[in-house]
Amino acid sequence: MEIELKYNIPGENIEKAIWENELFAQYEEEDSREEVMLDNRYFDTEDYDLAGNEIAYRVRTEGDRLVASLKWKGHSEDGLHVREEINVPVTSCEPDPEVFEESRVGSEFMELVRGRKLECFLEMKVCRKRFRIDVDGAIFEVSIDRGEMVTHGERAPIHEVEIELFSGDTESLVKVGAQLQEKYGLEPEDKSKYARGIELIKRHK
C-alpha cells in the first residue's frame, strides 16, 4: 500500500526554500539527499480499459533501474493519498502484463487486457530531489518534483512536493505534512499525477 501527502508548489522560490529548509534538519537521515531523473510511462488499451477500471499501469526508468507498477483502489482527501500498489523490477520499458501474474490483482489485470495492445498514452519526465527523515521512529521520504506530463501532443507542468510514509502510522505523516504546509502556505493536491494526466486527455479529445 502507498500512503503519501501531496502539495502544490507555487513557485521556484518555495521549492528552493523547502529543499534548503531546516525544519526537518534534526530528523534527516545522513547521506539520504539525492537528485534523480524519472521517466514514467503509463500504458493502457486503445479504449482506456484500465483507466475505466481505475487501474494505473506504469513503467518507471530511474537511472539504471526499471520498475513496473500497478496502482488501484485509490482515494484522497486533504492531500492524503492512499492506494494499493505492486512494484516489480523489470528489464524492459515495454509493457509486459505477465510480470504481475503471481498476484491476485495481476491476474485480474491480465484478464482485462488479454488480447489487447497496450500503448504508452501518457509520459511524465520529472526531476526529483529527495531525502529521508526519521521522526519519532516513523520514516518518511520528502520528494520535490519538477517536470511535465505529455499526452497526444498536449503538455502540463508538474511542480509539487510529496511526503511518503515508509514506516510508522498515518497520524505521524499528517503531523509532518501539517508543519510543512503551515510554514510555506502550501495547497493540498487531491489529484495524483496520473489523474491529472487523464483529465488532460479528456480536455483535448
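As the structure is a computational prediction, the values presented were derived from the model and not from experiment.

Engineer: Before we go on, may I ask you to explain the pattern of salt bridges in this structure?
Structural biologist: Between side chains of opposite charge, pairing is possible as soon as their charged atoms come close. For the structure shown, the criterion picks out 30 salt bridges. Among the salt bridges present, the one from lysine 6 reaches glutamate 4, with a minimum N-O distance of 3.3 Å. Here aspartate 145 ties to arginine 128 by a salt bridge, and the two come within 2.7 Å at their closest N and O atoms. Here arginine 128 lies in strand 6 (residues 119-135) and aspartate 145 lies in strand 7 (residues 138-151), a separation of 17 residues in the sequence. Judged by relative accessible area, which is 0%, aspartate 145 ranks as buried. Residue classification places arginine 128 among the buried residues on the basis of a relative accessible area of 7%.

Engineer: Could you clarify how one ought to interpret the side chain of asparagine 21 in this entry?
Structural biologist: Position of asparagine 21 among the secondary structure elements: in the loop between helix 1 (12-19) and strand 2 (34-44). Here leucine 23 takes part through its backbone nitrogen, which lies 2.8 Å from a polar atom of the side chain of asparagine 21.

Engineer: Sorry if this is basic, but what is going on with helix 1 here?
Structural biologist: An α-helical turn contains 3.6 residues, so a residue and the one three or four places further along point in the same direction. Along helix 1, the residues that are buried comprise Ile14, Glu15, Ile18 and Trp19. Projection of helix 1 onto a plane perpendicular to its axis shows the buried side chains occupying an angular sector of 135°, all on one side. More than 90 degrees from the buried face of helix 1, the exposed residues found are Glu12 and Asn13. Each element contacted by the buried residues of helix 1 is listed here: strand 2, strand 6, strand 7, strand 8 (154-167) and helix 4 (170-184).

Engineer: How should helix 4 be read in this particular structure?
Structural biologist: With 15 residues, helix 4 extends 21 Å from end C-alpha to end C-alpha; this agrees with the ideal 21 Å at 1.5 Å per step. Among all positions of helix 4, only Leu173, Val176, Gly177, Leu180 and Tyr184 are buried. One side of helix 4 carries all its buried residues, which in axial view fall inside an arc of 95°. Helix 4 presents Glu171, Lys175 and Glu182 as exposed residues on the side facing more than 90 degrees away from its buried surface. Residues of helix 4 that are buried make contact with strand 1 (2-8), helix 1, strand 5 (80-89), strand 6, strand 7 and strand 8. Looking one or two places after helix 4, you find glycine 185, whose phi comes out positive at around 60°.

Engineer: Would you mind going over the side chain of aspartate 49 with me for this structure?
Structural biologist: With respect to the helices, strands and loops of the structure, aspartate 49 is situated in helix 2 (residues 49-52). Reaching out from aspartate 49, the side chain makes a polar contact with the side chain of threonine 45 at a distance of 2.5 Å. Beyond its immediate sequence surroundings of up to four residues, aspartate 49 is in contact with Asp44, Leu112 and Arg116.

Engineer: Please clarify how the packing of aromatic side chains should be interpreted in this entry.
Structural biologist: On inspection of all chains with the given rule, the structure shows eight aromatic pairs. Plain terms: the ring middles of tyrosine 57 and phenylalanine 100 are 5.9 Å apart, the flat faces sit at 85° to each other, and that makes the pair edge-to-face. Here tyrosine 57, found in strand 3 (residues 55-62), pairs with phenylalanine 100, found in the loop between strand 5 and helix 3 (104-113); they are 43 residues apart in sequence, far enough to count as distant. Given the relative accessible area of 1%, tyrosine 57 is considered buried. Owing to a relative accessible area of 1%, phenylalanine 100 belongs among the buried residues under this scheme. Each ring, one from phenylalanine 121 and one from tyrosine 194, has its centre 6.4 Å from the other, and the planes form 80°; the classification is edge-to-face. Of the two residues, phenylalanine 121 sits in strand 6 while tyrosine 194 sits in helix 5 (residues 193-203), which places them 73 residues apart along the sequence. Summarising the burial analysis for this pair, phenylalanine 121 and tyrosine 194 share the class buried. Every member of this aromatic cluster is reached through a ring pair, and the members are Tyr42, Tyr48, Phe121 and Tyr194. Just above the ring of phenylalanine 131 sits the side chain of arginine 33; from NZ or CZ to the centre is 4.4 Å.

What counts as what
Residue numbering note: each chain is counted from 1, following its sequence as written. Only residues with pLDDT of 70 or above have their local features reported here, since the model is predicted, and side-chain atom pairs are shown and tallied only from 80 upward, although totals for entire chains, interfaces and linings are computed over all residues. As a rule here, side-chain values cover all heavy atoms of the structure and leave hydrogens and water aside. For salt bridges, the criterion is a side-chain nitrogen of Lys or Arg within 4 Å of an Asp or Glu carboxyl oxygen. Only DSSP runs of H or I reaching four residues or more are called helices, and only runs of E reaching two or more are called strands; each is numbered from the N terminus. Throughout this description, buried means an accessible area under 20% of the type-specific maximum (1.4 Å probe, protein chains only), exposed means over 50%, and partly exposed covers the range between. In protein, a polar contact means a hydrogen-donor-capable atom and an acceptor-capable atom, both N or O and within 3.5 Å, with residues adjacent in sequence counting only if both atoms are side-chain atoms; elsewhere, any N or O pair within 3.5 Å suffices. Note that the arc is computed from the directions linking the helix axis to the C-beta atoms. Throughout, a residue-residue contact means that at least one pair of heavy atoms, one from each residue, lies within 4.5 Å. Here, expected helix span is obtained from the residue count minus one, scaled by 1.5 Å. Pairing of aromatic rings covers Phe, Tyr and Trp, the last through its six-membered ring, and needs centres within 6.5 Å; plane angles under 30 degrees mean stacked, over 60 mean edge-to-face, and all others mean tilted. Only when the NZ atom of a Lys or the CZ atom of an Arg is both within 6 Å of the ring centre and within 35 degrees of the ring normal do we say a charge sits over the ring.

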